[in-house]
Protein chains: 2
Amino acid sequence: MEEKFSKILLQKEGSFITFRQDEVIMSNGKKAIRDTVQHPGAVAVLACTSQEEILLVKQYRYPIGRITWEIPAGKLERGEDLVRCAQRELAEETGFTAANWQKLISFYTAPGFSNEIIHLYLATDLQEKQASPDPDEIIEYVKLPLAKVYQKVKNGEIIDAKTIIGVLWLVKLKGLET
Amino acid sequence: MEEKFSKILLQKEGSFITFRQDEVIMSNGKKAIRDTVQHPGAVAVLACTSQEEILLVKQYRYPIGRITWEIPAGKLERGEDLVRCAQRELAEETGFTAANWQKLISFYTAPGFSNEIIHLYLATDLQEKQASPDPDEIIEYVKLPLAKVYQKVKNGEIIDAKTIIGVLWLVKLKGLET
């Protein structure tokens, strides 16, 4: 079932992703072409207050031309520790720090064309400090009750895969009845 | 908060995605560079039998170099009706047809760099016919109890975002206690 690399047909470096088109040899010996987008990987943070409120960040996502509500997240720097990256992104985007970090799950967002992996953490025991966003990002954050966030998943206001996974996971974990 | 297109810096067509790097003007007037991967969009099918079993397909995913278990899914053809596409993909990958189709949710897999949107359907009243996979895909399918599939999400054996969303959604819908 595995496919073997044969040759690179095309390669272009972006600012943080690399696009590549490869010829591969399938397990039945046939050749096929595979488009791939290489991504450094990312962390995402489900930050939950003691009152069961979730931190969401609002930002414009150019690739889809829409403003989204997402859990805080960001790309891994080379060799960066996962929890350290999660702490950095939470602090940069919301100004919060957290005393407890629990790994929930890792998943591939789009394995049909990209190797982007997201490591999802639950952050609790939150404390508010000062946000320091990346100069290339314009971000606002809100704190919303989990039940309301779940409602936004169900009614289609939350449209980001990692955020939907985080919210559904927490709804199940907390046994939320809605 | 919106970002305006300024100019295309780079564009490369793949076999089904297009990689583009744009210069944009942020709402604060600053310039920034955005990498984007344009995708035709896709459907995914949570096919559930009357015994609460889920159909999963096993395939090698070249971009991540791993074999995955995923719900049946596939790219939209230009102008294709969503339900028609979902029916086609379910039939091609598993040989099953379904009498009932219910739209659950649509989401963006990776809005930070791609416009890929996935439309997730619940398919019930299943009937087994004959699979007819795409010649460029080598796919096997299995039928597993929802509780077992949920276990595979929790223990990290299922690593695909759309499949995780579908399974968590159904677990909540069915009120599965695990």
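Anything mentioned here points back to the structure above.
Presented here is a report on the structure given in the accompanying data block. Everything numeric here is computed off the predicted structure, so don't read it as measured data.

Examining the overall build of chain A
Inference 1: From N to C terminus, chain A includes three helices and ten strands.
Inference 2: Projected onto its principal axes, the C-alpha coordinates of chain A cover approximately 55 × 40 × 30 Å.
Inference 3: Looking at chain A as a whole, 55% of its 178 residues qualify as buried.
Inference 4: Counted over contacts in chain A with a minimum sequence separation of 6, partners at least 24 positions apart contribute 56%.
Inference 5: By element, 44% of the accessible surface of chain A is carried by carbon and sulfur atoms, the whole surface being about 7,800 Å².
Inference 6: When the 23 basic and 25 acidic side-chain charges of chain A are each reduced to a single mean position, those positions are 5 Å apart.

Observations regarding the packing of helix α3 (residues 161-174) of chain A against helix α3 (residues 161-174) of chain B
Inference 1: At their nearest, the axes of α3(A) and α3(B) sit 10 Å apart, and the two run at 30° to each other. Accordingly, the angle class assigned to the pair α3(A) and α3(B) is roughly parallel. Considering the relative orientation of α3(A) and α3(B), their crossing is left-handed. Facing α3(A), whose interface residues are A:Ala161, A:Ile164, A:Ile165, A:Leu168, A:Trp169, A:Val171 and A:Lys172, α3(B) presents B:Ala161, B:Ile164, B:Ile165, B:Leu168, B:Trp169, B:Val171 and B:Lys172.
Inference 2: Split by residue class, the contact of α3(A) with α3(B) holds twelve nonpolar, no polar and two charged.

Overview of the pattern of salt bridges
Two side chains of opposite charge can pair, provided their charged atoms sit close to one another.
Residue and element names in this part refer to chain A.
Inference 1: Taken as a whole and judged by the stated rule, the model has 21 salt bridges over all chains.
Inference 2: The residue Glu70 makes a salt bridge to Lys162 at a minimum N-O spacing of 2.7 Å. Separated by 92 residues along the polypeptide, Glu70 in strand β6 (residues 66-70) and Lys162 in helix α3 bring together distant segments of the chain. Accessibility classification places Glu70 together with Lys162 in one group, the buried group.

Focus: the interface of chain A and chain B
Inference 1: With 69 residues of chain A at the interface, the matching set in chain B holds 71 residues.
Inference 2: Where chain A abuts chain B, roughly 6,100 Å² becomes buried across the two surfaces, and 68% of that area is made up of carbon and sulfur atoms.
Inference 3: Broken down by secondary-structure element, the contributors of at least two residues to the side of chain A that touches chain B are β1 (4-13), β2 (18-25), β3 (31-38), β5 (53-61), β6, β8 (96-108), α2 (146-154) and α3 of chain A.
Inference 4: Here the side of chain A that touches chain B is built from residues that sort into 34 nonpolar, 14 polar and 21 charged.

Here we look at the sheet that holds strand β4 (residues 42-47) of chain B
Residues and elements named next belong to chain B.
Inference 1: Taken in spatial order, the four strands of this open sheet run β7-β4-β9-β8, and their pairing is mixed. At either margin of the open sheet sits one strand with a lone partner, and together these are β7 (73-75) and β8 (96-108). Direction aside, neighbouring strands of the sheet carry axes that sit 25° apart on average.
Inference 2: Strand direction decides the pairing type here: β4 and strand β9 (residues 117-128), joined by six bridges, are parallel.

What about the relation of the copies chain A and chain B?
Inference 1: With an RMSD of 0.0 Å, the operation that places chain A on chain B is a rotation of 180° combined with a shift of 0.0 Å along the axis. The transformation just described matches what one would write down for a two-fold rotation axis.
Inference 2: Interface residue correspondence from chain A to chain B reaches 100%, placing this contact among same-surface, isologous pairings.

Topic: the sheet that holds strand β10 (residues 139-145) of chain B
Paired through their backbone hydrogen bonds, the strands of a sheet run either parallel or antiparallel.
All names here are of chain B.
Inference 1: Judged by pairing direction, the sheet is antiparallel, and its three strands sit side by side in the order β6-β5-β10 without closing on themselves. Both outer strands of the open sheet, β6 (66-70) and β10, are each paired with one neighbouring strand and no more. In this sheet, neighbouring strand axes are inclined to one another by 25° on average, regardless of whether the strands run parallel or antiparallel.
Inference 2: Looking at chain direction, strand β5 (residues 53-61) and β6 are connected through five bridges and run antiparallel. When the sheet's bridge partners are listed, Arg61 is paired in β6 with Arg66.
Inference 3: Each of β5 and β10 is contacted by helix α2 (residues 146-154), which is oriented at about 110° to β10, the strand it contacts most.

Rules behind the numbers
All residue numbers here refer to positions counted from 1 along the written sequence of the relevant chain. Numbering of ligands from 1 and lettering of chains from A proceed in the order in which they are written. The predicted origin of the model limits local features to residues at a pLDDT of at least 70 and limits the giving and counting of side-chain atom pairs to 80 or more, whereas totals for whole chains, interfaces and linings rest on all residues. Side-chain descriptors were evaluated using all non-hydrogen atoms of the structure, hydrogens and water having been removed beforehand. In DSSP terms, a helix is any run of H or I states spanning at least four residues, a strand is any run of E spanning at least two, and both are numbered starting from the N terminus. Type-normalised accessible area, obtained with a 1.4 Å probe on protein chains alone, sets the label of each residue: buried when under 20%, exposed when over 50%, and partly exposed for intermediate values. Any pair of residues with heavy atoms lying within 4.5 Å of one another is described as a contacting pair. Only the protein chains shown count as cover for residues, with accessible areas throughout obtained via the Shrake-Rupley method and a probe of 1.4 Å. In this tally Asp and Glu are treated as negative and Lys and Arg as positive; neither His nor the chain ends contributes. Charge placement uses NZ in Lys and CZ in Arg. For Asp and Glu, CG and CD serve respectively. Throughout, an axis means a line fitted to C-alpha atoms (over the contacting stretch in the case of helices), and angles, computed between N-to-C directions, take values from 0 to 180 degrees. Geometric relationships in this document are graded by angle, where less than 35 degrees denotes roughly parallel, more than 145 denotes roughly antiparallel, 65 to 115 denotes roughly perpendicular, and other angles denote oblique. Crossing chirality is assigned from the near helix's rotation relative to the far helix, an anticlockwise turn below a right angle marking it left-handed and a clockwise turn marking it right-handed. Each residue gets one of three labels, nonpolar for Ala, Val, Leu, Ile, Met, Phe, Trp, Tyr, Cys and Pro, charged for Asp, Glu, Lys and Arg, and polar for the others, Gly among them. A pair is scored as a salt bridge if a Lys or Arg side-chain nitrogen falls within 4 Å of a carboxyl oxygen belonging to Asp or Glu. Defined here as a combined quantity, buried area equals the accessible surface (1.4 Å probe) lost by two parts on assembly, summed across both. Paired strands, in this sense, are two strands between which DSSP finds at least two bridges. Only residues with pLDDT of at least 70 in both copies contribute their C-alpha atoms to the least-squares superposition of the copies.

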